Amino acid sequence: MKKVKALRFIFRNGQAWNVDLEFVGDLWIKQVTTSFGRINGGEFTEIYPCQSFKIEIFPEADAGQTTDINSGVLEIGMSNRADRYADIEMMDMIYDDDSINERRVYFPFKAQDADGNDNLYQSSKVTSDGRLFIVIDPEKTVDDIYPNV
C-alpha cells in the first residue's frame, strides 16, 4: 500500500513548495470529491476538489524550492511567502514511490480582486516560534479554526 510522504503546494504563479509529512502537525482535507472537467483549455481529466483544508507546518519545512533570486523566496522563506500571499491553488500528494499527480487536490478559490491572484478563502498565520497555520475554507478563517494560536 502506498503512503503519502510529502505534500507539494502549487501557487498561482507556478511556484511549488514540497513539505515532508514529518514537518506537518495538524492536517485535515475535508470532503475530497471526484469531478471531471477541463481547466484553462487543457485535457479533459479527473479533478479532485476539496471542500476545506487546514494545516500546521513546522518551521523545519521552511526551505525554498528555487534558486531564482527574483522570486523573493530566498529572502523571506516559503512559510512567510505562503503567509504573505494567499495564492495556494492546489496540492499534489507525493507518495513513497515518488509518484505525483495521482491525487492533485484543488482548493476552494474565490478571487479577492480583479487580478484574480489571491484567494479570499485562504487565511494564514505564522507564530512566534515559526509554525505556519493555513486554512482554505469558504466559511472559516485561520482564527476560527486555530483561536489559541
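The structure contained in this document is the topic of the report that follows. Everything numeric in this text was worked out from a predicted model, so none of it was measured. (Residues numbered from 1 in each chain as written. Predicted model: local features only at pLDDT ≥ 70, side-chain atom pairs only at ≥ 80, totals over all residues. Heavy atoms only, no water.)

1. Observations concerning the packing of aromatic side chains
Consideration 1: Evaluated as defined, the whole model comprises 5 aromatic pairs.
Consideration 2: Pairing F36 with F44 gives two aromatic rings, centres 6.5 Å apart and planes at 20 degrees, and the pair type is stacked.
Consideration 3: Here F36 falls in the exposed class, since its relative accessible area comes to 55%.
Consideration 4: Overall, F44 belongs to the exposed group, its relative accessible area being 57%.
Consideration 5: Each ring, one from F133 and one from Y146, has its centre 4.6 Å from the other, and the planes form 55 degrees; the classification is tilted. Of this pair, F133 sits in strand β10 (residues 132–136) while Y146 sits in the segment after α2 (142–145), and the two are 13 residues apart along the sequence. With respect to class, F133 is no different from Y146; both count as buried.
Consideration 6: The structure contains a cluster of three or more aromatic residues connected by ring pairs, namely F9, W17, F53 and F107.
Consideration 7: The ring centre of Y95 lies 4.7 Å from the NZ or CZ of K2, which sits over that ring.
Consideration 8: One cation-aromatic arrangement involves R103 over Y48; the distance from NZ or CZ to the ring centre is 4.3 Å. (Phe/Tyr/Trp six-rings, centres within 6.5 Å; stacked < 30°, edge-to-face > 60°. Buried < 20%, exposed > 50% of the residue type's maximum accessible area, 1.4 Å probe, protein only. Helix = DSSP H or I, 4+ residues; strand = E, 2+ residues; numbered from the N terminus. Lys NZ or Arg CZ within 6 Å of the ring centre and 35° of its normal.)

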